[in-house]
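For reference, the chains in residue letters:
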Amino acid sequence: MSLLYCHHDSPVGPLLLAGDGTALRLLSFPTGRKAVAPEADWQPDPAPFDTVRHQLDAYFSGDLRAFSVPLEIRGTAFQKKIWAALATIPYGETRSYGAIARALGTPGASRAVGAANGANPLPIILPCHRVIGKSGALTGFGGGLDTKTWLLQHEATTAGVAGRQLSLF
């Protein structure tokens, strides 16, 4: 099935949004190892993305903490479980891969959590940037570590926890 798509300007560059017209299926950063380009059969149409574009603008202005847009998430049952856990990480906070694995009852699955996190098709919306290494170190991010750093600093600043959050870096 052909997807609809549009690009949306943001402080981290133009984001690619794609979906079927009723639900968002993909958000991609313009750079990084997971950057996606529209496929040949995708159709440009910004109209179905009005709500997510408005919510992204509100997020980037510091006025939105959690998204409420229809999503179509495709992945394994384990990936979906991890992605659902990402949505529970509060704005301006971080969790380690191990903490997520323990919270889901699979304490030895830190690497599997990392792999699922890396396959997240909806970064920012499902905030995989809020997942960090056990020591507080920033680890891989599909949009690049500069983008991950920017997103974490943005949230820390707008959530009023800049001193506490930035001490992790």
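Just above, that's the structure.
First things first, this report covers the structure right here in the doc.

The rules behind the values
Residues numbered from 1 in each chain as written. Predicted model: local features only at pLDDT ≥ 70, side-chain atom pairs only at ≥ 80, totals over all residues. Heavy atoms only, no water. Core = buried A, V, L, I, M, F, W, Y, C linked by side-chain atoms within 4.5 Å. Buried < 20%, exposed > 50% of the residue type's maximum accessible area, 1.4 Å probe, protein only. Helix = DSSP H or I, 4+ residues; strand = E, 2+ residues; numbered from the N terminus. Contact = heavy atoms within 4.5 Å. Salt bridge = Lys/Arg side-chain N within 4 Å of Asp/Glu carboxyl O.

### What about the nonpolar core?
Next up, step 1: Ranked by internal contacts, the top residues of the largest apolar core, which has 36 residues, are L56 and I124.
Next up, step 2: Counting only elements with at least two residues in this core, the list comes to β1 (4-8), β2 (15-19), β3 (24-28), α1 (50-60), α2 (77-86), α3 (97-103) and α4 (110-118).
Next up, step 3: Those residues within four positions of I124 in sequence are excluded, and the remaining contacts are L15, L27, F29, L56, Y59, F60, F67, H129 and L151.
Next up, step 4: Residues L3, L16, L26 and W42 belong to the second largest nonpolar core, which totals six residues.

### As for the pattern of salt bridges
Next up, step 1: Scanning the model with the defined rule gives five salt bridges in all.
Next up, step 2: R53 is paired through a salt bridge with D50; the nearest N and O atoms lie 2.9 Å apart. Of the two residues, R53 and D50 both sit in helix α1, three residues apart, roughly one turn of that helix.
Next up, step 3: Across the pair R130 and E155 runs a salt bridge, and its minimum N-O distance is 2.8 Å. One end of the pair, R130, is in the loop between α4 and β6 (131-132); the other, E155, is in helix α5 (residues 145-158), with 25 residues separating them in the sequence.

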